[in-house]
Amino acid sequence: MTRTVDTTQEMAAFLRTRRERLDPHDVGLPTRRRPRRTPGLRREEVAELAGISIDYVVRLEQGRGLRPSADVLEALSRALRLTPDEHLYLFDLAQHRPRKAGKPATTAPPQLARLVADLSPLPAMLMNHRYDIVAWNDEIARLLLDFDTLPPSQRNAMWLCLMHPGTRDLYADRELVVREGIAHLRAAWAAYPEDRELADRIAEFTARDAEFARMWGERDVKVNGRGQKVLRHPDVGVLAVEFEVLAPLQDPEQRLVIYRAADAEAQSALDRLRQR
């Protein structure tokens, strides 16, 4: 199967951006009198911290076809102070993380679809690694959007946030929601490099939305499983909801997303929505 990610070039760009974001103080290096012409650490400093040759770091950042070992990746992760999600991303790019056999699931297993319905009155939905919304209950349709009114190609959380007029205005901190979604998609993009539909989605978003293109180029990687969002609902006003993201053991590519009221005022708003 044809890969949609040029992992060699992406690893080169990723390592450069992680190096450039670090200050020498961050890693305990002494300050030199001569000012730095470029931001971040120098390549020789990364090589020293990681215990590898400068030439090897240079070739990695130039995308010259190297496939570093797991030990080298661990050393680079420590030297560059990668987060756990960035660490896994680097291993995915180097194809060192074990992969499941077969294609990732893109539809809702019947058992999970029933679970989503049974979670009422909590708003809940099921998404796959692409952010496609594959199952939902009435409560979340009232809270976010009636997904039944959309063609399947538009039932995608990132597409809705970027392209759908009503959903664009739904989030009080839309930039943060987009940024967190992009950080998740980048992790999925490296974990499923043969997924042509995911790659096409990302290409569409990059071409059609300047905000997405800018944030995608920053190469942030994070899988966010818990948090809070403030919504501006057209019928019940502003409300804060907490979300929890769960991965079923049997279907780990799927993501069960559950919303709860963050306070009494939000709970009152959710109750009014259920009665509509």
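Structure first, text after, so check above.
Cut-off values and rules
Residues numbered from 1 in each chain as written. Predicted model: local features only at pLDDT ≥ 70, side-chain atom pairs only at ≥ 80, totals over all residues. Heavy atoms only, no water. 1 Å grid on protein atoms, 1.4 Å probe; cavity = no way out; pocket = protein on both sides within 12 Å on 5 of 7 lines; lining within 4 Å. Points joined across faces, edges and corners; volume = space filled by probe spheres on them. Helix = DSSP H or I, 4+ residues; strand = E, 2+ residues; numbered from the N terminus. Nonpolar A, V, L, I, M, F, W, Y, C, P; charged D, E, K, R; others polar. Salt bridge = Lys/Arg side-chain N within 4 Å of Asp/Glu carboxyl O. Buried < 20%, exposed > 50% of the residue type's maximum accessible area, 1.4 Å probe, protein only. Phe/Tyr/Trp six-rings, centres within 6.5 Å; stacked < 30°, edge-to-face > 60°. Lys NZ or Arg CZ within 6 Å of the ring centre and 35° of its normal.

(A) Examining the layout of surface pockets more closely. Considering only enclosed or pocket space, the second largest pocket measures out at about 510 Å³ in volume. Every residue lining the second largest pocket is counted, 29 residues in all, and those nearest its centre are Met127, Tyr131, Ala157, Lys229 and Tyr259. Looking at the lining of the second largest pocket, the elements that each hand over two or more residues are β1 (124–127), α8 (157–163), α10 (174–191), β4 (237–246) and β5 (255–261). Grouping the amino acids of the lining of the second largest pocket by side-chain chemistry returns 21 nonpolar, 5 polar and 3 charged.

(B) How the structure looks around empty space enclosed by the protein. Under the criterion given, the structure shown has 3 cavities of 30 Å³ or more. Taken together, Pro121, Pro123, Glu139, Arg142, Leu270, Leu273 and Arg274 form the lining of the largest cavity. When residues of the lining of the largest cavity are traced back to their parent elements, those giving at least two are α7 (138–143) and α13 (264–274). Of the residues forming the lining of the largest cavity, the biggest block, 3 residues, is contributed by α13. A per-class count over the lining of the largest cavity returns 4 nonpolar, no polar and 3 charged. In this structure, the second largest cavity occupies an estimated 40 Å³ of space. The wall of the second largest cavity is formed by Leu15, Arg19, Val46, Val57, Leu60, Glu61, Leu76 and Leu80.

(C) Broad picture of the pattern of salt bridges. Under the definition given, this model contains 21 salt bridges. One salt bridge connects glutamate 10 with arginine 219, and the closest N-O pair in it is separated by 3.1 Å. Here glutamate 10 is found in helix α1 (residues 7–20), whereas its partner arginine 219 is found in the loop between α12 (210–216) and β3 (226–233), with 209 residues between them in sequence. A salt bridge links aspartate 271 to arginine 274, with the shortest nitrogen-to-oxygen separation between them at 2.2 Å. Separated by 3 residues within a single helix, aspartate 271 and arginine 274 lie in helix α13, roughly one turn from each other. Note on aspartate 271: relative accessible area 28%, which makes it partly exposed. Within this structure, Arg130, Asp132, Asp195, Glu197 and Arg201 form a network of salt bridges that share partners.

(D) Main features of the packing of aromatic side chains. All told, the structure shown has 5 aromatic pairs when counted by the stated rule. Aromatic pair tryptophan 189 and tryptophan 216: ring centres 5.4 Å apart, planes at 75°, arrangement edge-to-face. Separated by 27 residues along the polypeptide, tryptophan 189 in helix α10 and tryptophan 216 in helix α12 bring together distant segments of the chain. A relative accessible area of 12% means that tryptophan 189 is categorised as buried. One aromatic cluster in this structure is built from Trp189, Phe205, Phe212 and Trp216. Cation over ring: arginine 186 sits above tryptophan 216, and NZ or CZ is 3.9 Å from the ring centre. We note lysine 229 situated over the ring of phenylalanine 243; from NZ or CZ to the ring centre the distance is 5.1 Å.

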